[in-house]
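As a plain string of letters, each chain reads:
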Amino acid sequence: MLKRSLQARRARAAWLFLLPSLVLLTLVAAYPLLRTMQLSLYQASILDYPLRPVWVALANYAFLIQDAYWWLSVKNTVIFTVASVSLETLLGLGIAVLVNARFPLRGLMRTAMLIPWAIPTVVSAQMWRWMYNDVYGVINDILLRLGLIAKPVAWLAEPSLVLASIVAVDVWKTTPFMALLLLAGLQSIPKELYEAAHVDGATPWQQFRYVTLPLLKPALLVALVFRTLDALRVFDVVYVMSGTNPSTMSMSVYARQQLVDFGALGYGSALSTGIFFIIAIFTVIYLTVLRVEVD
Amino acid sequence: MPKGPKKFRLSRFLGQVAFYLLLLAVFAYLVFPFYWAVVSSLKSQQELFQTPVSYWPEKLRWQNYRDVFIMQPFGRNLLNSAVVAGLTTLLALAVGSFAAYALGRFRFAGKRPIYYGILAVSMFPQISVLGGMYVLIKALGLYNTWWALVFSYMIFTLPFTIWVLTSFVREIPAELEEAAYVDGAGPLQTLLWVLLPLMAPGLVTAGLLAFIGAWNEFLFALTFTVDDKARTVPVAIAFFSGASQFELPWAQIMAASVIVTVPLILLVLFFQQRIIAGLTAGAVKG
């Protein structure tokens, strides 16, 4: 009897402790999300204050379905996501395996790995934009010196190269982060397993293939899903490197352009909602596949 | 027979050389862009726009660092960023530690859905709330103020803070708390006097990550500010303009980039272990 009342008291305290967070999250997440979804059913201009929304039902979505620019932005985002996430995973795995070995100055290497992660995306995009400069850029200079290109390349003007150039920036910025996550996974693999494999005469490749990879799978999967969700909403790097250029714009860049630059609050909200559902599907898959545990 | 070990030693030596060369290549790849920003920021306009490019400035010129504050409103941008990131961090920690205590220590009905809900919010793409958030910020009269950013940044800092802190709370031994209860302390007193001091490492980790996240944020800062009254550093750096539309002040952009990056690199140097612990707690433990 006493125990039960104590439990009830503790439950009440828990809810009280949660209350401020729940109120705040309702205000900054749930409400704006629902409001955006509601606005997607109206036509409204962001310049009007107060708003003068006109009910249009699903007209915005009907337009979205046949909006070539939207599908172009979806295509760009998918290419960006697949290319950057797969390159980051492969490179990240390589770096993690490399850094997992014992060597002097390992701490310095770890710090170096955190630098690209810590630099604001906008700043790294600007740094790379300057390095990509067709006349005065260091990348052309290095490639010319190495004889890999015959004449300077306009990395950010050549339509066939812009998206790849942007992917390269994202790969630079995010690979070390991926490597750190995988490194944590590598370090949790018991050393005895490698010793046993060694005794059994396994080659380094076999050790990697049959010991490292299977045991790293959970960490790899988490890192992969995280990066995918992140890449699908990419905004900063694309916006800074090539603005709203249709040949590279991501879904987020296009939605913000409609919403803010064109002031189309209704249609922009429909685009935002579309992005939300695309990412929500991935999130649900993530939560079920990985079965995140509470206790 | 004597040939075997020698050959083995040679291949081992070559392997070592390859290993260190590879490490060096990775290191160069990681730090070169930052090195290049530093070098470019120390060059004169002439030197910057000459070919072939030089890999070290003729003479270290600090003029660009002065120009950033004279020719651009960069001082104000830095102040805005510092205040916004600082307030965001404090608010997220203050609110989040209560929630983390509840989620990490208490058993109650509805805990699981709450936990999943918070987790789900942390995955919200910011763009999906942009329209609603814009309208809300206008209605609250926060547009183009620090508060617009502090408020909207809760969407990504608070869930992450709660998440990291919860994993720290769970690792604190329960005996300490029980001792406090036996002494007649209520849940609030236990949190404030027993748990909070023990959570200090977690607070530092979560705070650092919240600060870095807020300091680097771009989309909301771009959308909810119009001028330098509240404009933060990332937006300012994206918009730096020169004498004409076609002539970007690259030296100044690089100087500003170095200025905002140095504090972050120092943070990373000092708190490396904590940051990695926080990131992996967030990502691997889920």
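The rules behind each value
Residues numbered from 1 in each chain as written. Chains lettered and ligands numbered in written order. Predicted model: local features only at pLDDT ≥ 70, side-chain atom pairs only at ≥ 80, totals over all residues. Heavy atoms only, no water. Helix = DSSP H or I, 4+ residues; strand = E, 2+ residues; numbered from the N terminus. Rg over C-alpha atoms; globule rule 2.2 N^0.38 Å. Buried < 20%, exposed > 50% of the residue type's maximum accessible area, 1.4 Å probe, protein only. Contact = heavy atoms within 4.5 Å. Areas by Shrake-Rupley, 256 points an atom, 1.4 Å probe, with all protein chains shown as cover. Lys, Arg positive; Asp, Glu negative; His and termini not counted. Charge placed at Lys NZ, Arg CZ, Asp CG, Glu CD. Expected span 1.5 Å × (residues − 1). Bend = angle between axes of the 7 residues up to and from the residue. Buried area = accessible area lost by both parts, 1.4 Å probe. Salt bridge = Lys/Arg side-chain N within 4 Å of Asp/Glu carboxyl O. Phe/Tyr/Trp six-rings, centres within 6.5 Å; stacked < 30°, edge-to-face > 60°. 1 Å grid on protein atoms, 1.4 Å probe; cavity = no way out; pocket = protein on both sides within 12 Å on 5 of 7 lines; lining within 4 Å. Points joined across faces, edges and corners; volume = space filled by probe spheres on them. Nonpolar A, V, L, I, M, F, W, Y, C, P; charged D, E, K, R; others polar. Axes fitted to C-alpha atoms, helices over the stretch in contact; angles between N-to-C directions. Parallel < 35°, antiparallel > 145°, perpendicular 65-115°, else oblique. Left-handed = near helix turned anticlockwise from the far one by under 90°. pLDDT = per-residue confidence, 0-100.

Visitor: Any details on the overall build of chain A? Residues and values, ideally.
Guide: The secondary structure content of chain A amounts to 12 helices and 2 strands. The order of helices and strands in chain A, counted from the N terminus, is α-β-β-α-α-α-α-α-α-α-α-α-α-α. In terms of overall size, chain A is more extended than a compact globule, its C-alpha atoms giving a radius of gyration of 24 Å where 295 residues would be expected to give roughly 19 Å. Projected onto its principal axes, the C-alpha positions of chain A cover 80 × 75 × 30 Å. By the burial criterion, 51% of the 295 residues in chain A qualify as buried. Relative to all contacts within chain A whose residues are 6 or more apart in sequence, the contacts with residues 24 or more apart total 63%. Summed over all atoms, the accessible surface of chain A reaches about 14000 Å², with 68% contributed by carbon and sulfur. The positive charge centre, built from 22 side chains, and the negative charge centre, built from 15, are 10 Å apart in chain A.

Visitor: A description of helix α7 (residues 146–170) of chain B should follow, citing residues and the corresponding values.
Guide: All names here are of chain B. Given a rise of 1.5 Å per residue, 25 residues ought to cover 36 Å, and the 34 Å separating the end C-alpha atoms of α7 matches this to within 8%. Of all bends in α7, the biggest is about 50°, found at Met 154. Of all 25 residues in α7, 19 are buried; the element is thus mostly enclosed.

Visitor: Quick one: what's the story with the environment of Asp261(A), residue by residue and with numbers?
Guide: All names here are of chain A. Of note, Asp 261 is situated in helix α11 (residues 251–261). C-alpha of Asp 261 to C-alpha of Ile 46: the two residues are 215 residues apart in sequence and 9.4 Å apart in space. Those residues in contact with Asp 261, other than ones at most four positions away along the chain, are Thr 244 and Arg 256.

Visitor: Describe the interface of chain B and chain A, and please don't skip the residues or the numbers.
Guide: Contacts between chain B and chain A engage 102 residues on the former and 92 residues on the latter. Buried surface at the junction of chain B and chain A, summed over both partners, amounts to about 8800 Å²; 78% is from carbon and sulfur atoms. The largest per-residue losses of area from chain B upon contact with chain A belong to Leu30(B), Met123(B) and Ile127(B), which jointly make up 8% of the total buried on that side. The interface formed by chain B and chain A holds 0 salt bridges in total. Among the elements that line the side of chain B that touches chain A, the one with the most residues is helix α13 (residues 250–285) of chain B, at 18 residues.

Visitor: Got a sec to walk through the packing of aromatic side chains? Specific residues and values, please.
Guide: Per the stated rule, a full pass over the model turns up 36 aromatic pairs over all chains. Judged by centre distance (5.8 Å) and plane angle (80°), the rings of Trp130(A) and Phe49(B) are edge-to-face. Here Phe49(B) lies in the loop between α2 (45–48) and α3 (63–70) and Trp130(A) lies in helix α5 (residues 121–132), a pairing that spans two chains. Centroid distance Trp36(B) to Tyr55(B): 5.4 Å. Interplanar angle 55°. Geometry classified as tilted. Here Tyr55(B) lies in the loop between α2 and α3 and Trp36(B) lies in helix α1 (residues 3–41), a separation of 19 residues in the sequence.

Visitor: Describe the pattern of salt bridges, and please don't skip the residues or the numbers.
Guide: Residue and element names in this part refer to chain A. Taken as a whole and assessed by the stated rule, the structure comprises 8 salt bridges over all chains. With its nearest N and O atoms 3.1 Å apart, the salt bridge here joins Asp 170 to Arg 227. Of the two residues, Asp 170 is situated in helix α7 (residues 159–187) and Arg 227 in helix α9 (residues 204–232); the sequence distance between them amounts to 57 residues. An identical accessibility class is assigned to Asp 170 and Arg 227; each is buried. Between Asp 230 and Arg 233 there is a salt bridge; the shortest N-O distance is 3.0 Å. According to the relative accessible area criterion, Asp 230 is partly exposed, its value standing at 36%. Residue classification places Arg 233 among the partly exposed positions, given a relative accessible area of 22%. Here the salt bridges do not stand alone but share partners, grouping Glu 88, Asp 170, Arg 227, Asp 230 and Arg 233 into one network.

Visitor: Give me the lowdown on unusual backbone geometry, citing residues and values where you can.
Guide: Despite not being glycine, Leu105(A) has its phi angle at roughly 65°, a positive value. Position of Leu105(A) among the secondary structure elements: in the loop between α3 (68–100) and α4 (106–118). Overall, the relative accessible area of 63% leaves Leu105(A) in the exposed class. Positive phi outside glycine occurs at Asn144(B), with the angle close to 60°.

Visitor: A description of empty space enclosed by the protein should follow, citing residues and the corresponding values.
Guide: Enumeration according to the criterion identifies 4 cavities of 30 Å³ or more in this entry. Its boundaries defined by the atoms lining it, the largest cavity holds a volume of some 1400 Å³. What lines the largest cavity is a set of 42 residues, and nearest its centre among them are Trp117(A), Asp230(A), Arg233(A), Gln126(B) and Phe156(B). Taken together, the elements giving at least two residues each to the lining of the largest cavity come down to α7, α9 and α10 (236–242) of chain A together with α7, α10 (200–216) and α13 of chain B. A breakdown of the residues in the lining of the largest cavity according to their chemical character gives 26 nonpolar, 9 polar and 7 charged.

Visitor: Can you explain the layout of surface pockets? Please cite residues and give values.
Guide: Volume-wise, the largest pocket comes out at about 1100 Å³. What lines the largest pocket is a set of 25 residues, among which Val97(A), Ala101(A), Tyr194(A), Pro204(A) and Gln207(A) lie closest to the centre. Put simply, the parts of the chain that give the lining of the largest pocket at least two residues each are α3, α7, α8 (191–199) and α9 of chain A together with α1 of chain B. In terms of residue count, α1(B) provides more of the lining of the largest pocket than any other element does, 6 residues in total. A per-class count over the lining of the largest pocket returns 11 nonpolar, 9 polar and 5 charged. Of the volumes computed, that of the second largest pocket is approximately 310 Å³. If you trace the second largest pocket, you find 13 residues lining it, with Trp128(A), Ile139(A), Ile142(A), Leu143(A) and Tyr29(B) closest to the centre. Those elements that place two or more of their residues in the lining of the second largest pocket are α5 and α6 (138–145) of chain A together with α1 of chain B. A total of 4 residues in the lining of the second largest pocket trace back to one element, the largest contributor, which is α1(B).

Visitor: An account of the packing of α4(A) against α7(A) is needed here, citing residue identities and associated values.
Guide: Residue and element names in this part refer to chain A. Between α4 and α7, the least distance of the axes is 7 Å, while the angle of their chain directions is 135°. In terms of orientation, α4 and α7 fall into the oblique class. Of the two possible hands of crossing, α4 and α7 adopt the one that is left-handed. Of α7, the residues touching α4 (which contributes Arg 106, Arg 110, Met 113, Leu 114, Pro 116, Trp 117 and Ala 118) are Trp 172, Lys 173, Pro 176, Phe 177, Ala 179, Leu 180, Leu 183 and Gln 187. Tallied by class, the residues present in the contact of α4 with α7 amount to 11 nonpolar, 1 polar and 3 charged.

Visitor: Mind laying out the confidence of the model for chain B, listing which residues take part and the relevant values?
Guide: In the predicted model, chain B carries a mean pLDDT of 89, and the fraction of residues at 70 or more is 93%. Confidence metrics for the complex model read pTM 0.91 and ipTM 0.91.

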